[in-house]
Amino acid sequence: MAERRGGSPVPDVFDEVHRRCRAGEPVALATVVATWHSAPQPPGATMAVAVDGTVTGSVSGGCVEADLYERSRRVLNTGAAELIRYGISDDDAYAVGLTCGGILDVFVERVDAGALPELDAVAAARRGGQPAAVVACVAADAGDPPGAVPTDPARRLGRRLVLTGQRSIGSLGDDRLDAAAGVDALGLLTAGHSGVLRYGYHGQRRGSGVSLFVTAYATPPRMIVFGAIDFAAAVARIGAFLGYRVTVCDARPVFTTARRFPEADEVVVQWPHRYLRTEVDAGRVDGRTVVCVLTHDPKFDVPLLELALRHPLAYVGAMGSRRTHDERHKLLREAGLDAEQLARLASPIGLDLGGRTPEETAVSVAAQIVAARWGGSGRPLAALDGAIHRPG
């Protein structure tokens with residue numbers, strides 16, 4: 001039995017751009033397409049500027065937004081797209097740059113009612129919980145071979161190809177380029193990453209005349225929390241905050257109710273290992289899925305962890321004392337798990353933050369999940385040298 005959470009999603013930059021274009025209002029859309037060093041936002045971060053001056057989103061957390069706002073207003077007026085590089089500020093106090101020492105390439109384009117077919121397709125995919133990718137041309141030069149008919153690279157800028165499931169909408173201006181970019185963009189979408197692809201003007205994979213940026217609207221990663229306890233409510237809440245689609249599962253119906261877990265997208269009454277087996281067999285978990293086992297009861301934990309650790313999930317953590325952990329390890333070894341599989345188990349769950357309450361414990365669990373995702377050490381930044389923001 002499962003209960004689903006209702007309510008509408010929080011509006012984001014895409015929602016705002018789509019809404020205004022449907023109302024006949026053009027928008028300037030600024031997208032981070034490449035970063036180097038300690039850039040504050042990853043590729044795919046966006047900021048939209050409407051005709052009335054309203055700003056939605058951010059690309060740098062405040063370093064370059066004022067300058068980018070003025071450039072966006074200019075793009076709104078002229079319709080001419082721009083690719084802008086922001087680097088390190090110089091000694092001039094009024095220079096526009098990134099004080100963090102990073103570098104950003106930002107593509108600014110005017111989006112209007114002419115883009116509605118592509119925007120509608122992405123919106124429909126997102127409403128249906130399906131992934132979608134938008135491939136946009138952000139830079140082009142002709143690169144014509146000797147004797148070829150001259151091309152017009154400026155006509156390529158801002159052209160879009162949208163991929164949703166088996167459908168493609170729009171064009172980058174060349175059938176071969178559409179075909180090559182479509183295959184590679186779907187690869188990025190599967191991995192849940194946005195990024196730049198480069199080709200020759202007619203889709204040659206070893207060429208460099210055209211730069212395309214792929215915005216991946218992947219389905220949210222899943223967090224499955226087993227154990228309907230107070231700690232689970234806190235973990236579900238912080239999981240939703242981090243952007244996970246959260247499921248809470250427990251075999252006890254009296255505790256496993258949507259009322260107790262309002263932040264969960266789904267509340268399931270089922271034996272934990274049976275539920276996970278169903279989700280694995282149906283292909284509804286992947287390498288981005290995190291599993292938090294909070295039951296600390298062997299009859300639930302052992303068959304569940306045995307299954308979870310045999311699959312390439314992003315994170316598997318289990319709550320319990322040191323004694324519980326040792327006994328659990330013993331039972332899992334007896335079940336046939338090897339040392340490499342057991343090493344993937346985060347147990348006892350979370351980082352050592354000294355927390356006591358369910359909310360503080362949830363923060364330590366979330367911190368460990370983030371560190372596992374990005375390769376963080378979990379140590380204080382003040383104790384480390386080098387860049388704060390890691391590549392990737």
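What you see is a predicted model, and the numbers here were worked out from it, not measured in a lab.

Q: Where do I start with the packing of aromatic side chains in this structure?
A: The relation between two aromatic rings is expressed through the spacing of the ring centres and the mutual angle of the planes. Applying the stated criterion across every chain, the model contains three aromatic pairs. Ring plane angle 65 degrees and centroid distance 6.5 Å describe the contact between phenylalanine 226 and tyrosine 275, whose orientation is recorded as edge-to-face. A residue pair is termed long-range when its members are at least 10 positions apart, and phenylalanine 226 in strand S12 (residues 222-226) and tyrosine 275 in helix H6 (residues 272-281) qualify at 49 residues. Ring centres of tryptophan 271 and phenylalanine 300 lie 4.9 Å apart, and the angle between their planes is 45 degrees; this geometry places the pair in the tilted category. Of this pair, tryptophan 271 sits in the loop between strand S14 (266-269) and H6 while phenylalanine 300 sits in helix H7 (residues 298-308), and the two are 29 residues apart along the sequence. On the accessibility criterion, tryptophan 271 (31% relative accessible area) is partly exposed.

Q: Just checking my understanding: could you explain the sheet that holds strand S11 (residues 210-217) for this structure?
A: Adjacent strands of a sheet form backbone hydrogen bonds with each other and so pair up, either parallel or antiparallel. Strand order across the open sheet formed by five strands is S9-S8-S7-S11-S10, with antiparallel pairing between neighbours. Looking at which strands have only one partner, the edges of the open sheet turn out to be strand S9 (167-170) and strand S10 (195-199). Mean inter-strand twist for the sheet, computed between neighbouring axes without regard to direction, equals 25 degrees. In the sheet, S10 pairs with S11 via five bridges, with the strands oriented antiparallel. Each residue of the ladder has a partner; that of glycine 195, found in S11, is valine 214. Seen against the sheet, helix H3 (residues 116-127) touches strand S7 (132-140), strand S8 (160-164), S9 and S11 and runs at an angle of roughly 25 degrees to S8.

Q: Would you mind going over the layout of surface pockets with me for this structure?
A: A probe matching the size of a water molecule, rolled over the atoms, marks out where space remains unfilled. Quantified by volume, the second largest pocket comes out at close to 400 Å³. When the residues that make up the lining of the second largest pocket are grouped by side-chain class, the tally is six nonpolar, seven polar and three charged.

Q: Can you walk me through the confidence of the model for the protein chain in this structure?
A: Interpretation of this model should avoid reading the predicted coordinates in detail wherever pLDDT is low. Summarising the model, the protein chain shows a mean pLDDT of 85, and 87% of its residues fall at 70 or more. Of all the helices and strands in the protein chain, strand S1 (residues 2-4) carries the lowest mean pLDDT, 43, while strand S15 (residues 290-293) carries the highest, 97. Long-range and interchain partners of residues 1-11, a stretch whose pLDDT sits below 50, account for 21 contacts in this model, where long-range means more than four residues apart.

Q: Explain the environment of glutamate 65 here, please?
A: Within the secondary structure, glutamate 65 is located in helix H2 (residues 65-78). Given a relative accessible area of 13%, glutamate 65 falls into the buried group. In this structure, glutamate 65 is in contact with Met47, Ser58, Val59 and Ser60, ignoring residues within four places of it in sequence. From its side chain, glutamate 65 meets the backbone nitrogen of valine 59 in a polar contact 2.8 Å long.

Q: Could you clarify how one ought to interpret the packing of helix H5 (residues 230-241) against helix H10 (residues 358-374) in this entry?
A: Pairs of packed helices are described in terms of their axes, by the angle between the two and the distance that separates them. With their axes 8 Å apart at the nearest point, H5 and H10 run at an angle of 50 degrees to one another. As summarised for this structure, H5 and H10 are arranged oblique, according to the angle between their axes. The two elements H5 and H10 meet at a crossing, and its hand is right-handed. Contacts between H5 and H10 involve Asp230, Phe231, Ala234, Val235, Arg237 and Ile238 from the former and Pro358, Glu359, Thr361, Ala362, Val363 and Ala366 from the latter. Across the contact of H5 with H10, the residue classes tally to eight nonpolar, one polar and three charged.

Q: Would you take a moment to explain the sheet that holds strand S4 (residues 55-57) for this structure?
A: On the basis of which strands lie adjacent, the open sheet formed by five strands has the order S4-S3-S2-S6-S5 and antiparallel pairing. Two strands in the sheet have a free side with no partner beyond their single neighbour: S4 and strand S5 (82-86). Each strand of the sheet is rotated relative to its neighbour by a mean of 20 degrees, with strand direction disregarded. Note: strand S2 (residues 27-36) against strand S3 (residues 46-50), five bridges, orientation antiparallel. Bridged to leucine 29 within S3 is alanine 48. The strands touched by H2 within the sheet are S2, S3, S4, S5 and strand S6 (103-111), with S3 carrying the most contacts at an inclination of about 55 degrees.

Q: Just to check I follow, could you spell out helix H8 (residues 322-334) for this structure?
A: Counting along an α-helix, one turn takes 3.6 residues, and residues three or four places apart therefore face a common direction. Taking 1.5 Å of rise per residue, 13 residues should cover 18 Å, and H8 covers 19 Å from first to last C-alpha, within 8% of that figure. Every buried residue of H8 is accounted for by His325, Arg328, His329 and Leu332. Summarising the axial view, the buried residues of H8 lie within an arc of 105 degrees, below the 170-degree limit, and thus occupy one face. Facing away from the buried surface of H8 by more than 90 degrees, the exposed residues are Arg323 and Glu334. If you follow the buried residues of H8, they end up packed against H7, strand S16 (315-318), helix H9 (339-343) and strand S17 (345-346). Downstream of H8 by a residue or two, glycine 336 has a phi angle that is positive, lying close to 105 degrees.

Q: Sorry, what's going on with the pattern of salt bridges here?
A: Under the defined criterion, the tally for this structure stands at 27 salt bridges. A salt bridge links glutamate 82 to arginine 74, with the shortest nitrogen-to-oxygen separation between them at 2.9 Å. In the salt-bridge network here, residues are joined through shared partners; they are Glu16, Arg19, Arg20, Glu25 and Asp52.

Q: What exactly am I supposed to notice about the nonpolar core here?
A: Grouped burial of nonpolar side chains is what soluble globular proteins tend to show. One finds Met223, Val225, Phe261, Cys292, Leu294, Tyr315 and Ile369 to be the most contacted residues of the largest nonpolar core, which totals 26 residues. Elements that contribute at least two residues to this core include exactly S12, H5, strand S13 (245-250), S15 and H10. In terms of residues, this core owes the most to one element, H5, which gives six residues. Ignoring anything within four residues of it in the chain, the contact list for cysteine 292 reads Ile224, Val225, Phe226, Val235, Tyr315, Gly317, Ile349, Val365 and Ile369. Within the second largest apolar cluster, 23 residues are counted, among which are Ile224, Val280, Val293 and Val316.

Definitions and cut-offs
- Residues numbered from 1 in each chain as written.
- Predicted model: local features only at pLDDT ≥ 70, side-chain atom pairs only at ≥ 80, totals over all residues.
- Heavy atoms only, no water.
- Phe/Tyr/Trp six-rings, centres within 6.5 Å; stacked < 30°, edge-to-face > 60°.
- Helix = DSSP H or I, 4+ residues; strand = E, 2+ residues; numbered from the N terminus.
- Buried < 20%, exposed > 50% of the residue type's maximum accessible area, 1.4 Å probe, protein only.
- Pairing = 2+ DSSP bridges.
- Axes fitted to C-alpha atoms, helices over the stretch in contact; angles between N-to-C directions.
- Contact = heavy atoms within 4.5 Å.
- 1 Å grid on protein atoms, 1.4 Å probe; cavity = no way out; pocket = protein on both sides within 12 Å on 5 of 7 lines; lining within 4 Å.
- Points joined across faces, edges and corners; volume = space filled by probe spheres on them.
- Nonpolar A, V, L, I, M, F, W, Y, C, P; charged D, E, K, R; others polar.
- pLDDT = per-residue confidence, 0-100.
- Polar contact = N/O pair within 3.5 Å; in protein donor to acceptor, adjacent residues only side chain to side chain.
- Parallel < 35°, antiparallel > 145°, perpendicular 65-115°, else oblique.
- Left-handed = near helix turned anticlockwise from the far one by under 90°.
- Expected span 1.5 Å × (residues − 1).
- Arc of directions from axis to C-beta.
- Salt bridge = Lys/Arg side-chain N within 4 Å of Asp/Glu carboxyl O.
- Core = buried A, V, L, I, M, F, W, Y, C linked by side-chain atoms within 4.5 Å.

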